[in-house]
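Below, each chain spelled out in residue letters.
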Amino acid sequence: MIKRIVAKRDQQGFTLIEMLVVIVILGILAAIVVFAVSGLGDRGQGAACDTDFNTLVTAEEANFAMNGAYTTEANLVANGLLARQSTLHDITLGGGGTSYTVTAVAGGPCV
């Protein structure tokens, strides 16, 4: 029994094999995390585009209900229906305010 205790005291640190095993395991875990997180930015941008589009549509419909015609983004901001103009979408009016089209800004992330 005493020989075992003395033998254990003589061991210092980890072996090279143990260190390599730990480094390999950490590398595998890091790779898993990188691949799991890499696609989150794309989904966030898509959600932002959808939300921006729906906000513009809702503001236009609210303006139509209040005033009987569709209007520009600048007027929607002036009327208090939008906090600010969109940088992701544009509103195109048609037919003297009787219709509108919401399109993504050319070269923007929502195209």
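*Asks:* So what exactly am I meant to see when it comes to the overall build of the protein chain here?
*Replies:* From N to C terminus, the protein chain includes four helices and two strands. Secondary structure elements in the protein chain, listed N-terminal to C-terminal, are α-α-α-α-β-β. A total of 111 residues make up the protein chain; the buried ones form 17% of that total. Considering only contacts in the protein chain between residues 6 or more positions apart, those separated by 24 or more positions represent 32%. Total accessible area on the protein chain is roughly 8,200 Å²; 64% of this is exposed by carbon and sulfur atoms.

*Asks:* Explanation requested: the state of the cysteines in the structure shown.
*Replies:* Chemically, a disulfide is nothing more than a covalent bond linking the sulfur atoms of two cysteines. Tallying each qualifying case throughout the model produces one disulfide. Shown here is the disulfide that connects C49 with C110, its sulfur atoms set 1.9 Å apart. Sign of the S-S torsion, about -90 degrees for the bond between C49 and C110, identifies this disulfide as left-handed. Of this pair, C49 sits in helix 3 (residues 40-67) while C110 is found in the segment after strand 2 (99-104), placing the two residues 61 residues apart along the sequence. For C49, a relative accessible area of 9% gives the class buried. Residue C110 is classed as buried on the basis of its relative accessible area, which comes to 19%.

Conventions used here
- Residues numbered from 1 in each chain as written.
- Predicted model: local features only at pLDDT ≥ 70, side-chain atom pairs only at ≥ 80, totals over all residues.
- Heavy atoms only, no water.
- Helix = DSSP H or I, 4+ residues; strand = E, 2+ residues; numbered from the N terminus.
- Buried < 20%, exposed > 50% of the residue type's maximum accessible area, 1.4 Å probe, protein only.
- Contact = heavy atoms within 4.5 Å.
- Areas by Shrake-Rupley, 256 points an atom, 1.4 Å probe, with all protein chains shown as cover.
- Disulfide = S-S within 2.5 Å.

Such coordinate-based values are descriptive only and should not be taken to indicate function.
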